[in-house]
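Given next are the chains, with one letter for each unit.
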Amino acid sequence: MIRLYIIIIVLFILAGATYTQNNIWHDDILLWEYAVVRSGAKARVHFNLGRVYLDRRLNDKALAEYLIVVGLDRDYPEVHNNIANIYLEQNREQEAVPEFEMAIQSNPNLPFALFTLANLYAKQDRLDEAIEYYLRALALKPASPYLHNGLGMLYVKRGRIEEAIGEFQKAIMLY
């Protein structure tokens, strides 16, 4: 009989623990905040919490988590890309540029980062660099009308009209 009581008590304890754990897993913010508490020195955990914050439009909290990630692991292209995008939303273009550069240095296959960095360079009148980054983005996404159009605009600014027309024609065909 005492064994039965012990088994029942253990079952209640385990049921309570399961209930508590399910409450944590029910909400992704709670889940990743809990994970940070349990293993706070891991870049992946902070990155995932930052991504959840970013998905919920909690950009300041996301940025704080991403900066922790950079402190733990500087060679993390996705985090630099996300930091750069937050900076863009906050109209902090000058701070976004080096973040995009670091993201691309770590992973040169990020077409949106290449495209955005090309646009930022174009705004800074760094047209040769902008053209280079448009071409790199086009190597990854050759069917993007936006990339062909943007490259065409840069060719116009450089006086390369024939090349601009070619890019505009490609953009029109892809729309």
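Calculation rules
Residues numbered from 1 in each chain as written. Predicted model: local features only at pLDDT ≥ 70, side-chain atom pairs only at ≥ 80, totals over all residues. Heavy atoms only, no water. pLDDT = per-residue confidence, 0-100. Helix = DSSP H or I, 4+ residues; strand = E, 2+ residues; numbered from the N terminus. Buried < 20%, exposed > 50% of the residue type's maximum accessible area, 1.4 Å probe, protein only. Contact = heavy atoms within 4.5 Å. Phe/Tyr/Trp six-rings, centres within 6.5 Å; stacked < 30°, edge-to-face > 60°.

Visitor: Account for the confidence of the model for the protein chain, with residues named and values stated.
Guide: Looking at the protein chain, pLDDT values average 88 and 86% of them are 70 or higher. Between the elements of the protein chain, mean pLDDT differs from a low of 57, seen in helix H1 (residues 2–26), to a high of 97, seen in helix H8 (residues 127–140).

Visitor: Describe in detail unusual backbone geometry, supporting the description with residues and values.
Guide: Positive phi outside glycine occurs at asparagine 91, with the angle close to 60°. Structurally, the position occupied by asparagine 91 is in the loop between helix H5 (77–89) and helix H6 (93–106). Overall, the relative accessible area of 69% leaves asparagine 91 in the exposed class. Positive phi outside glycine occurs at aspartate 125, with the angle close to 60°. With respect to the secondary-structure elements, aspartate 125 resides in the loop between helix H7 (111–123) and H8.

Visitor: Account for the environment of alanine 84, with residues named and values stated.
Guide: Looking at the element boundaries, alanine 84 is found in helix H5. For the pair alanine 84 and glutamate 101, spaced 17 residues apart in the sequence, the C-alpha separation amounts to 9.3 Å. Apart from residues no more than four positions distant in its own chain, alanine 84 is found in contact with Ala96, Glu99 and Phe100.

Visitor: Let's hear about the packing of aromatic side chains: which residues, and what values?
Guide: In total, this model carries five aromatic pairs according to the counting rule given. Ring centres 5.6 Å apart and planes at 35° place the aromatic pair phenylalanine 47 and tyrosine 66 in the tilted group. Taken together, the residues phenylalanine 47 in helix H3 (residues 43–55) and tyrosine 66 in helix H4 (residues 59–72) connect sequence positions 19 residues apart. Tyrosine 66 carries the same exposure label as phenylalanine 47, and that label is buried. Taking the centre distance of 5.9 Å and the plane angle of 90° together, the rings of tyrosine 146 and tyrosine 175 count as edge-to-face. Residue tyrosine 146 is found in helix H9 (residues 145–157), and its partner tyrosine 175 is found in the segment after helix H10 (161–174); the two are separated by 29 residues along the sequence. Residue tyrosine 175 is classed as exposed on the basis of its relative accessible area of 59%.

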